[in-house]
Amino acid sequence: MTIATAAWPLDWHEDWASYEAKVRDWVQRGIDKGADLLVFPEYGAMELASLGGPEGAADLDRALDEVVAHRPAMDALFEMLAMDTGRHILAPSGPVIEDGRRLNRACLYGPHGLIGHVDKAIMTRFEREIWHVEAGEGLRLFDTALGQIGVLICYDSEFPLLARALCEAGAEILLIPSCTDTLAGYWRVKVGAMARALENQCVTVQSPTVGDALWCPAIDENRGTAAIYGPSDKGWPDNGIVAEGAPDVPGWVVATVDLDKVLESRGNGAVMPFMHWPEQAAQAADVRIFTEAPVPGFAEDRRDS
């Protein structure tokens, strides 16, 4: 299948028609590139905060509430586009309020409508300490016509056991929508995405927000590169990078992947970390500590120097 992953700029919109036109244009351009699966980033929905005006967008709580108010319309738009085009689309994640809790939710749509949603599992310090967005409950595996798809939202990709649980359940592709305001944050997610592809011998797909949106403090600066990764194994690129865009440049990054190669790597790779993963437990259970014997006079000599 062909995957298109977005490096998505967060734009100001004076009205809903402006937002809808942008989304429709991006989806069409992804389809024009041959995409079967289109992936949008974490907190890509936050540009809807602009519909509340400058004062509302500049306030963290009011911005979140504005996006929540427009969330049903956004969900309906992406569902309609997936059904009308016959494609699978991971829509931009964004806030929802459920039972009084703020969650960061991404929805996956297919030719027959909504397949399901996933809520971010582990929250960053900003989300938990300042924005008061809470963790979801459990992971989701989507069994689709394209293959078995898992979603790890940004920070979730930095925790190996989450990816492992999804891949043990059958995931062949891990979608990693991200939103990071520093190069360090982007690299943490990138390293996580590449490591998860290596450990689980699968495909990972990173879709970041890019550029400045200084009108909203929740998404004011955005750094990232859209990319598709695989395991560094035979049949895959040596560096594990299937496709990668330019840093901080908006647009689609597109590549065609063969999921039969995931099965081949897991069953007959040059190395087999997916199969050998359980061997860690016995080794990790036996940690022995060895303390170096002091050398008389050595510490004193070092202090003198």
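This text goes with the structure placed above it.
Below or above, wherever it landed, is the structure these notes cover. This is a predicted model, so every value here is computed, not measured.

How each quantity is defined
- Residues numbered from 1 in each chain as written.
- Predicted model: local features only at pLDDT ≥ 70, side-chain atom pairs only at ≥ 80, totals over all residues.
- Heavy atoms only, no water.
- Helix = DSSP H or I, 4+ residues; strand = E, 2+ residues; numbered from the N terminus.
- Rg over C-alpha atoms; globule rule 2.2 N^0.38 Å.
- Buried < 20%, exposed > 50% of the residue type's maximum accessible area, 1.4 Å probe, protein only.
- Areas by Shrake-Rupley, 256 points an atom, 1.4 Å probe, with all protein chains shown as cover.
- Lys, Arg positive; Asp, Glu negative; His and termini not counted.
- Charge placed at Lys NZ, Arg CZ, Asp CG, Glu CD.
- Disulfide = S-S within 2.5 Å.
- Axes fitted to C-alpha atoms, helices over the stretch in contact; angles between N-to-C directions.
- Parallel < 35°, antiparallel > 145°, perpendicular 65-115°, else oblique.
- Left-handed = near helix turned anticlockwise from the far one by under 90°.
- Contact = heavy atoms within 4.5 Å.
- Nonpolar A, V, L, I, M, F, W, Y, C, P; charged D, E, K, R; others polar.
- Salt bridge = Lys/Arg side-chain N within 4 Å of Asp/Glu carboxyl O.
- Polar contact = N/O pair within 3.5 Å; in protein donor to acceptor, adjacent residues only side chain to side chain.
- 1 Å grid on protein atoms, 1.4 Å probe; cavity = no way out; pocket = protein on both sides within 12 Å on 5 of 7 lines; lining within 4 Å.
- Points joined across faces, edges and corners; volume = space filled by probe spheres on them.
- Expected span 1.5 Å × (residues − 1).
- Phe/Tyr/Trp six-rings, centres within 6.5 Å; stacked < 30°, edge-to-face > 60°.
- Pairing = 2+ DSSP bridges.

1. Observations regarding the overall build of the protein
Assigned secondary structure in the protein consists of 10 helices and 14 strands. Computed over its C-alpha atoms, the radius of gyration of the protein comes to 21 Å, within 12% of the 19 Å expected for a compact globule of 305 residues. Projected onto its principal axes, the C-alpha positions of the protein cover 75 × 50 × 40 Å. Taking all 305 residues of the protein together, the buried fraction comes to 50%. For the protein, the accessible surface area stands at approximately 13800 Å², while carbon and sulfur atoms represent 53% of it. Here the protein holds 25 positive side-chain charges and 47 negative ones, and the gap between their average locations is 3 Å.

2. Quick word on the state of the cysteines
Under the criterion given, the structure shown has 0 disulfides. With no disulfide of its own, Cys-179 lies closest to Cys-154 among cysteine sulfurs, the gap being 6.8 Å. Unpaired in terms of disulfides, Cys-202 finds its nearest cysteine sulfur in Cys-167, a separation of 4.1 Å.

3. Regarding the packing of helix H1 (residues 16-32) against helix H3 (residues 60-85)
Contact geometry of H1 with H3 gives a least axis separation of 11 Å together with a crossing angle of 30°. Regarding the angle of H1 to H3, the classification is roughly parallel. Here the hand of the crossing between H1 and H3 comes out right-handed. For the pair formed by H1 and H3, the contact residues are Trp-16, Tyr-19, Glu-20, Val-23, Arg-24, Val-27 and Ile-31 on the first element and Ala-73, Met-74, Leu-77, Phe-78, Met-80, Leu-81 and Thr-85 on the second. Classifying every residue of the contact of H1 with H3 gives 11 nonpolar, 1 polar and 2 charged.

4. Things to note about the side chain of Asp-156
Here Asp-156 is to be found in the loop between strand E8 (148-151) and helix H5 (160-168). Look at Asp-156: it is buried, it has no salt bridge, and the nearest opposite charge is Lys-120 at 6.0 Å. For Asp-156, the side chain forms a polar contact with the main-chain nitrogen of Ile-122, separated by 2.9 Å. Beyond its immediate stretch of four places on either side in the chain, Asp-156 contacts Lys-120, Ala-121, Ile-122 and Leu-162.

5. Things to note about the layout of surface pockets
Here the largest pocket is characterised by a volume of approximately 440 Å³. If you trace the largest pocket, you find 23 residues lining it, with Thr-124, Phe-126, Cys-179, Thr-180 and Asp-181 closest to the centre.

6. Here's the deal with the packing of H5 against helix H6 (residues 183-200)
Where H5 meets H6, the closest approach of the two axes is 10 Å, and the angle between their N-to-C directions is 45°. Judged by the angle between their axes, H5 and H6 are oblique. Every pair of crossing elements has a handedness; the one defined by H5 and H6 is right-handed. Across the interface between the two elements, Pro-160, Ala-163, Arg-164 and Cys-167 of H5 pack against Arg-196, Glu-199 and Asn-200 of H6. Class assignment of the residues belonging to the contact of H5 with H6 gives a composition of 3 nonpolar, 1 polar and 3 charged.

7. Comments concerning H1
Here H1 contains 17 residues, and its C-alpha end-to-end distance of 24 Å stays within 8% of the 24 Å for a straight helix at 1.5 Å per residue. Looking at the packing, one finds that the buried side of H1 touches strand E1 (2-9), strand E2 (37-39), H3, strand E3 (88-90) and strand E14 (251-256). Following H1 by one or two positions, Gly-34 has its phi on the positive side, about 95°.

8. Remarks on the packing of aromatic side chains
For the structure shown, the criterion picks out 11 aromatic pairs. Between Trp-12 and Trp-215, the aromatic rings sit 5.2 Å apart at their centres with planes inclined by 85°, giving edge-to-face as the arrangement. Taken together, the residues span a long stretch of sequence, with Trp-12 in the loop between E1 and H1 and Trp-215 in the loop between strand E10 (203-212) and strand E11 (221-222) at a distance of 203 residues. Residue classification places Trp-12 among the partly exposed positions, given a relative accessible area of 29%. Pairing Phe-40 with Phe-78 gives two aromatic rings, centres 5.4 Å apart and planes at 70°, and the pair type is edge-to-face. With Phe-40 in the loop between E2 and helix H2 (53-57) and Phe-78 in helix H3, this residue pair connects regions lying 38 residues apart in the sequence. Classification of Phe-40 by relative accessible area gives buried; the value is 0%. Ring pairs connect the aromatic residues Trp-8, Trp-26, Phe-40, Phe-78 and Trp-252, which therefore count as one cluster.

9. Some details on the pairing of strand E6 (residues 113-119)
Side-chain direction in a regular strand flips from residue to residue, so the side chains alternate between the two faces of the sheet. Of the strand pairs in this sheet, strand E5 (residues 101-110) and E6 are connected by 6 bridges, and their pairing is antiparallel. Across the sheet, the residue bridging to Gly-110 is Gly-113, located in E6. Linking two consecutive strands that pair antiparallel, namely E5 and E6, is a turn of 2 residues.

10. Section: unusual backbone geometry
Positive phi is not limited to glycine here, since Tyr-43 has a value of about 55°. Mapped onto the elements, Tyr-43 comes out in the loop between E2 and H2. Of the residues examined, Tyr-43 reaches a relative accessible area of 6% and is grouped as buried. A positive phi angle, near 60°, is found at His-132, a position not held by glycine. When you line up the elements, His-132 lands in the loop between helix H4 (125-131) and strand E7 (141-143).

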